[in-house]
Amino acid sequence: QVQLVESGGGLVQPGGSLRLSCAVSGFTLEYYAIGWFCRAPGKGREGVSFISSADGSTEYADSVKGRFTVSRDNARNTVSLRMDNLKSEDTAVYYCNANGPTGENYWGQGTQVTVSS
């Protein structure tokens, strides 16, 4: 069974940090590009960061550049999103997405991040 499970969300004060993880099963992670998306209250889903399956290159939304870092550990079947200097605007549900070499597209259920003082 294909499964993506996000974890690491929670309540944090502005300026704090969190580390989100996406644990995958049912497919070989090394062949998949991974994206992190978020859905803030009252807004649609937006891309946050991406990491390729080929060379590990990364991309970030302008709003998180310099603050978030995405990484992958194919041997452990996990992808991480380190979030530093968090802002209230980062409050959202964060989702892990996997895209495979022949059109596979999988989503996790999301983890809640709340940034509040």
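Below you will find a few notes about this structure. (Residues numbered from 1 in each chain as written. Predicted model: local features only at pLDDT ≥ 70, side-chain atom pairs only at ≥ 80, totals over all residues. Heavy atoms only, no water.)

1. A word on the nonpolar core
How we decide: Side-chain atoms within 4.5 Å are what join buried Ala, Val, Leu, Ile, Met, Phe, Trp, Tyr and Cys residues into a set we call a nonpolar core. Only protein chains enter the accessibility calculation, which uses a 1.4 Å probe; a residue is then buried when its area is under 20% of its type maximum, exposed when over 50%, and partly exposed in between. Only DSSP runs of H or I covering at least 4 residues are called helices, and only runs of E covering at least 2 are called strands; the numbering of each starts at the N terminus. We call two residues in contact whenever any of their non-hydrogen atoms come within 4.5 Å of each other.
Counting 28 residues, the largest nonpolar core has I34, W36, V48, F68, L81, M83 and Y94 as its most contacted members. Contributing elements (two or more residues each) for this core: β3 (18-25), β4 (33-39), β5 (45-51), β7 (68-73), β8 (78-83), β9 (92-99) and β11 (111-115). Filtering out sequence-adjacent residues up to four positions away, F68 remains in contact with V48, Y60, L81, R82, M83, D84, L86, D90 and Y94.

2. Some details on the layout of surface pockets
Rules: Note on definitions: the grid is 1 Å and covers protein atoms alone; a cavity is a set of points where a 1.4 Å probe fits but cannot get out; a pocket is an open set with protein on both sides within 12 Å along at least five of seven lines; lining residues have an atom within 4 Å of a point. Grid points are joined across faces, edges and corners, and a volume is the space filled by probe spheres set on the points. Ten residue types, Ala, Val, Leu, Ile, Met, Phe, Trp, Tyr, Cys and Pro, are classed as nonpolar, four, Asp, Glu, Lys and Arg, as charged, and the remainder, Gly among them, as polar.
Reported here for the largest pocket is a volume of approximately 320 Å³. Along the wall of the largest pocket there are 18 residues; nearest its centre are C38, E46, S63, E89 and D90. For the lining of the largest pocket, the secondary-structure elements that each account for two or more residues are β5 and β9. Residue composition of the lining of the largest pocket, grouped by class: 8 nonpolar, 4 polar and 6 charged.

3. Here we look at the sheet that holds β3
Rules: In this analysis, strands are considered paired if DSSP registers two or more bridges between them. Working convention: axes come from line fits to C-alpha atoms, limited for helices to the stretch in contact. Angles between N-to-C directions cover 0 to 180 degrees.
Taken in spatial order, the 4 strands of this open sheet run β1-β3-β8-β7, and their pairing is antiparallel. Only two strands of the sheet have a single neighbouring strand rather than two, namely β1 (3-7) and β7. Pairs of neighbouring strands in the sheet enclose a mean axial angle of 15°, with direction left out of account. The pairing of β3 with β8 spans 6 bridges and is classified as antiparallel.

4. Details of the pattern of salt bridges
Once their charged atoms are close, side chains differing in charge can pair, the charge on each being opposite to the other. Selection rule: Within this document, salt bridges are pairs made up of a side-chain nitrogen of Lys or Arg and a carboxyl oxygen of Asp or Glu, the two lying within 4 Å of each other.
Taken as a whole and judged by the stated rule, the model has 4 salt bridges. Note that D90 and R67 form a salt bridge whose closest N and O atoms lie 2.8 Å from each other. Separated by 23 residues along the polypeptide, D90 in the loop between β8 and β9 and R67 in the loop between β6 (58-60) and β7 bring together distant segments of the chain. Accessibility classification places D90 together with R67 in one group, the buried group.

5. Overview of the state of the cysteines
The test is simple: Note on disulfides: each one is a pair of cysteine sulfur atoms within 2.5 Å.
Taken as a whole and judged by the stated rule, the model has 1 disulfide. In this model, C22 is linked to C96 through a disulfide, with the two sulfur atoms separated by 2.3 Å. In this structure the cystine formed by C22 and C96 twists about its S-S bond by roughly -85°; its chirality is therefore left-handed. Of this pair, C22 sits in strand β3 while C96 sits in strand β9, and the two are 74 residues apart along the sequence. Like C22, the residue C96 is buried in the burial classification. In this structure C38 is a free cysteine whose sulfur lies 14 Å from that of C96, the closest cysteine sulfur available.

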